[in-house]
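Survey of secondary and tertiary structure
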Amino acid sequence: SQKIEQNSEALNIQEGKTATLTCNYTNYSPAYLQWYRQDPGRGPVFLLLIRENEKEKRKERLKVTFDTTLKQSLFHITASQPADSATYLCALGTNYGQNFVFGPGTRLSVLP
Amino acid sequence: EAGVAQSPRYKIIEKRQSVAFWCNPISGHATLYWYQQILGQGPKLLIQFQNNGVVDDSQLPKDRFSAERLKGVDSTLKIQPAKLEDSAVYLCASSLIIGGRAGELFFGEGSRLTVL
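The sections below set out a description of the structure shown in this document. (Residues numbered from 1 in each chain as written. Chains lettered and ligands numbered in written order. Predicted model: local features only at pLDDT ≥ 70, side-chain atom pairs only at ≥ 80, totals over all residues. Heavy atoms only, no water.)

1. Points about the state of the cysteines
Cut-off, in case you're wondering: Note on terminology: disulfide denotes any pair of cysteine sulfur atoms within 2.5 Å. Runs of E in the DSSP output that reach at least two residues are strands. Runs of H or I that reach at least four are helices, and both are numbered from the N terminus. Buried, partly exposed and exposed residues are distinguished by accessible area as a fraction of the type maximum, computed with a 1.4 Å probe on protein chains only: under 20%, between the cut-offs, and over 50%, respectively.
Per the stated rule, a full pass over the model turns up 2 disulfides over all chains. One disulfide in the model links Cys23 of chain A with Cys90 of chain A; its S-S distance is 2.1 Å. Taking the sign of the S-S torsion, about 65° here, the bridge from Cys23 of chain A to Cys90 of chain A comes out right-handed. One end of the pair, Cys23 of chain A, is in strand S3 (residues 19-26); the other, Cys90 of chain A, is in strand S9 (residues 86-94), with 67 residues separating them in the sequence. Each member of the pair, Cys23 of chain A as well as Cys90 of chain A, carries the same accessibility label: buried. Here Cys23 of chain B is linked by a disulfide to Cys92 of chain B, with a sulfur-sulfur distance of 1.9 Å. Across the S-S bond linking Cys23 of chain B and Cys92 of chain B, the dihedral sits near -70°, which makes this disulfide left-handed. With Cys23 of chain B in strand S3 (residues 19-24) and Cys92 of chain B in strand S9 (residues 88-95), this residue pair connects regions lying 69 residues apart in the sequence.

This is the structure in structure tokens:
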């Protein structure tokens, strides 16, 4: 059956450290993968997109990797700050990129 | 640029009652999605529109949920009759199609439904 898994439900790290979130999938062949941030009571906000033929993408303190052999994406936040505390969702672009399937999310807490 | 607008933000109803949610996507976005997000879970796609046509409604419980996008702009999602398990946040999102593929999704703030 098709499945998307993300880390543990919650991840706590100290300010200034690098947070690494994982997204693993089974029985999907995504054309691309996106990461979103969701704050409590708000809708998700797009962060980064990585295509199946790309290994790595960066944007400021964010880095995403995509390994189609391992069926895994890693999402890194370097020099983390308490303002980075939120839930992070991965989304697989499926159906030739026409729609998206979301993972369950990882709740990240950056402690001062 | 205005974002995706949704209303109402909150709604409390009793089971077996009906409810409707409204969404106005970003101007020019042909694709519109309705997602259901239960507390602690990721968003689950209910229905996807391309202009005013349905692209995917395979996970929409059609015995109680209906959605329409007349004129290819605004959309309404209706639940009738509501069940306790419909308690969730209903998220509307829109996107452009670039090169045949959907771009990033722009989400509204969501409509939180509580069914008692």
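2. Description of the interface of chain B and chain A
Basically, it comes down to this: Should any heavy atoms of two residues lie within 4.5 Å, those residues are considered in contact. Accessible area that two parts lose when put together, evaluated with a 1.4 Å probe and summed over both, is termed the buried area. Here, a salt bridge means any side-chain nitrogen of Lys or Arg that lies within 4 Å of a carboxyl oxygen of Asp or Glu. Each polar contact in these results corresponds to two N or O atoms within 3.5 Å; when the atoms are within protein, one needs to be able to donate a hydrogen and the other to accept it, and residues that are neighboring in sequence are counted only if both atoms are side-chain atoms. Note on residue classes: Ala, Val, Leu, Ile, Met, Phe, Trp, Tyr, Cys and Pro are nonpolar, Asp, Glu, Lys and Arg are charged, and everything else, Gly too, is polar.
Facing the 22 residues of chain B at the interface are 20 residues of chain A. Summed over both sides, the interface between chain B and chain A buries roughly 1,700 Å², with carbon and sulfur atoms accounting for 45% of that surface. Here chain B and chain A share 1 salt bridge between them. Between Glu109 of chain B and Arg42 of chain A there is a salt bridge, and its shortest N-O distance comes to 2.7 Å. Where chain B meets chain A, there are 6 residue pairs in polar contact (both at pLDDT 80 or more). When contributions to the side of chain B that touches chain A are tallied by element, the ones reaching two or more residues are strand S4 (31-37), strand S5 (44-50) and strand S11 (101-102) of chain B. The dominant element in the side of chain B that touches chain A, judged by the number of residues it contributes, is S4 of chain B, at 3 residues. Here the side of chain B that touches chain A is composed, by residue class, of 9 nonpolar, 8 polar and 5 charged.

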